[in-house]
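Given next are the chains, with one letter for each unit.
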Amino acid sequence: MDQATFHSEISKIVSEHRLDKHPYVQLIDSGKATREQLKGYPIQHYEMTVRDSAPLSANMYLRLRELDEAVGQGAAKGFAEEALGLYSHSAGHTELLFELWEGGLGQPRKGLVQSIGSKDSMAFNACMYRILRLKPQFIGAIGLMEEIEVEAYKKLMEGMERNYGITPDHLRFFSVHYEADKEHGEAGHEVIDHFVTGTGREEEFLAEARCLAHFFWKGFDSMMTV
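Residues numbered from 1 in each chain as written. Predicted model: local features only at pLDDT ≥ 70, side-chain atom pairs only at ≥ 80, totals over all residues. Heavy atoms only, no water.

*Asks:* Explain the overall build of the chain here, please?
*Replies:* Within the chain, the regular secondary structure consists of twelve helices and zero strands. Ordered by position from the N terminus, the helices and strands of the chain form the series α-α-α-α-α-α-α-α-α-α-α-α. Dimensions of the chain, computed from C-alpha atoms along their principal axes, come out at roughly 50 × 30 × 25 Å. Scored against the burial criterion, the 226 residues of the chain give a buried share of 51%. If you take every contact in the chain between residues at least 6 apart in sequence, the share linking residues at least 24 apart comes to 79%. Accessible surface computed for the chain: about 10,000 Å², of which carbon and sulfur atoms make up 53%. One finds the centroid of the 24 positive side-chain charges in the chain at a distance of 6 Å from the centroid of its 35 negative side-chain charges. (Helix = DSSP H or I, 4+ residues; strand = E, 2+ residues; numbered from the N terminus. Buried < 20%, exposed > 50% of the residue type's maximum accessible area, 1.4 Å probe, protein only. Contact = heavy atoms within 4.5 Å. Areas by Shrake-Rupley, 256 points an atom, 1.4 Å probe, with all protein chains shown as cover. Lys, Arg positive; Asp, Glu negative; His and termini not counted. Charge placed at Lys NZ, Arg CZ, Asp CG, Glu CD.)

Here is the structure:
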């Protein structure tokens, strides 16, 4: 596959799965989501990524460092942010989600920690670990997921504040990710070009990226039915 076609297919995956266009995000943006549906976002995202945000990013750093030390060094920054909020001067990203759950939605932390995500959210989480363990050269696909969600963060943040009275100090999960994931998405493209473009594995990579994007979208579907 030539480079132009490969990049075009990557762009297609992103555009077809942009989560700011998802019905769940539209419900919150319009103020039509129920209070019960508001709980869907933290429950499903906790299962998909947030519970494991620190170990996932640590694994990304280690796996990339094995492949290329310089590329891995860039991933170390992502780990420091996910685990500690070091670059955003906020908090670890799991803690930021607890801010929304406890302060914004008035729910006990135990309820989120013990929640059980949907089968699609579980599948998304499993697909990420599969790439990390079996195909670390394809880690850039995870960066594409951050690009897919970045504009949804802004809509969710503004919708929850405008329509449901949740204050900005309880919406830092969205404001921090809106800024951080712009950079992560760009870094994902760089990693893809470094490890995939021109290797003959483009079709294989696209299949993995499409699978991730599919379950990410389906995970948001399940937010509507909590």
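Back to the write-up after that little detour.
*Asks:* I tried to follow helix H7 (residues 93–104) on my own but got confused; where do I start?
*Replies:* Side chains three or four residues apart in an α-helix point the same way, a direct result of the helix having 3.6 residues per turn. Between its terminal C-alpha atoms H7 stretches 16 Å, which fits the 16 Å expected from twelve residues at 1.5 Å a residue. The buried count for H7 comes to nine of twelve residues, which makes it a mostly enclosed element. Taken together, the buried positions of H7 are His 93, Thr 94, Leu 96, Leu 97, Phe 98, Glu 99, Leu 100, Trp 101 and Gly 104. Gly 106 sits one or two positions beyond H7 and adopts a positive phi of about 70°. (Expected span 1.5 Å × (residues − 1).)

*Asks:* Would you take a moment to explain the side chain of Gln 44 for this structure?
*Replies:* Relative to the elements of secondary structure, Gln 44 occurs in helix H4 (residues 40–48). On the basis of relative accessibility, which here comes to 4%, the residue Gln 44 falls in the buried class. A polar atom in the side chain of Gln 44 sits 2.8 Å from the side chain of Ser 121. (Polar contact = N/O pair within 3.5 Å; in protein donor to acceptor, adjacent residues only side chain to side chain.)

*Asks:* How should I be thinking about the pattern of salt bridges in this particular structure?
*Replies:* It is possible for side chains of opposite charge to pair when their charged atoms get near one another. In the structure shown here, the tally under the stated rule is 16 salt bridges. A salt bridge links Arg 162 to Asp 29, with the nearest nitrogen and oxygen atoms 3.0 Å apart. A residue pair is termed long-range when its members are at least 10 positions apart, and Arg 162 in helix H10 (residues 140–164) and Asp 29 in helix H2 (residues 23–30) qualify at 133 residues. The exposure class of Arg 162 is partly exposed, given its relative accessible area of 48%. With a closest N to O distance of 3.6 Å, Asp 221 and Lys 218 form a salt bridge. Of this pair, Asp 221 and Lys 218 both sit in helix H12 (residues 202–223), three residues apart, roughly one helical turn. The class of Lys 218 is partly exposed, set by a relative accessible area of 30%. A cluster of three or more residues bridged by salt bridges with shared partners is formed by Arg 130, Lys 135, Arg 201, Glu 204 and Glu 208. (Salt bridge = Lys/Arg side-chain N within 4 Å of Asp/Glu carboxyl O.)

*Asks:* Could you clarify how one ought to interpret the environment of Asp 52 in this entry?
*Replies:* Mapped onto the fold, Asp 52 is located in the loop between H4 and helix H5 (53–67). In this structure, the C-alpha to C-alpha distance between Asp 52 and Gly 103, residues 51 residues apart in sequence, is 21 Å. The contact partners of Asp 52, leaving out residues within four places of it in the chain, are Asn 125 and Tyr 129. Within polar-contact distance, the side chain of Asp 52 engages the side chain of Arg 51 at 3.2 Å. A distance of 3.0 Å separates polar atoms of two side chains, one belonging to Asp 52 and the other to Asn 125.

*Asks:* Any chance you could explain the packing of aromatic side chains here in plain terms?
*Replies:* For any pair of aromatic rings, the description consists of the separation of the ring centres together with the inter-plane angle of the planes. The tally for this structure, following the rule as stated, stands at twelve aromatic pairs. Considering the side-chain rings of Phe 6 and Phe 205, the 5.8 Å spacing of their centres and the 75° angle between planes classify their relative orientation as edge-to-face. Highlighted residues: Phe 6 in helix H1 (residues 3–16) and Phe 205 in helix H12, separated in sequence by 199 residues. A relative accessible area of 0% means that Phe 6 is categorised as buried. Taken together, Tyr 24, Tyr 41, Phe 124, Tyr 153, Phe 173, Phe 174, Phe 216 and Phe 220 form an aromatic cluster joined through their ring pairs. (Phe/Tyr/Trp six-rings, centres within 6.5 Å; stacked < 30°, edge-to-face > 60°.)

*Asks:* I tried to follow the packing of H4 against H7 on my own but got confused; where do I start?
*Replies:* Two quantities define a packed helix pair, namely the angle between the axes and the distance from one axis to the other. At their nearest, the axes of H4 and H7 sit 10 Å apart, and the two run at 160° to each other. Taken together, the axes of H4 and H7 lie roughly antiparallel to each other. Of the two possible hands of crossing, H4 and H7 adopt the one that is left-handed. Each of Tyr 41, Pro 42, Ile 43 and Tyr 46 in H4 lies in contact with H7, whose residues at this interface are Thr 94, Leu 97, Phe 98, Leu 100 and Trp 101. Residue classes in the contact of H4 with H7 are distributed as eight nonpolar, one polar and no charged. (Axes fitted to C-alpha atoms, helices over the stretch in contact; angles between N-to-C directions. Parallel < 35°, antiparallel > 145°, perpendicular 65-115°, else oblique. Left-handed = near helix turned anticlockwise from the far one by under 90°. Nonpolar A, V, L, I, M, F, W, Y, C, P; charged D, E, K, R; others polar.)

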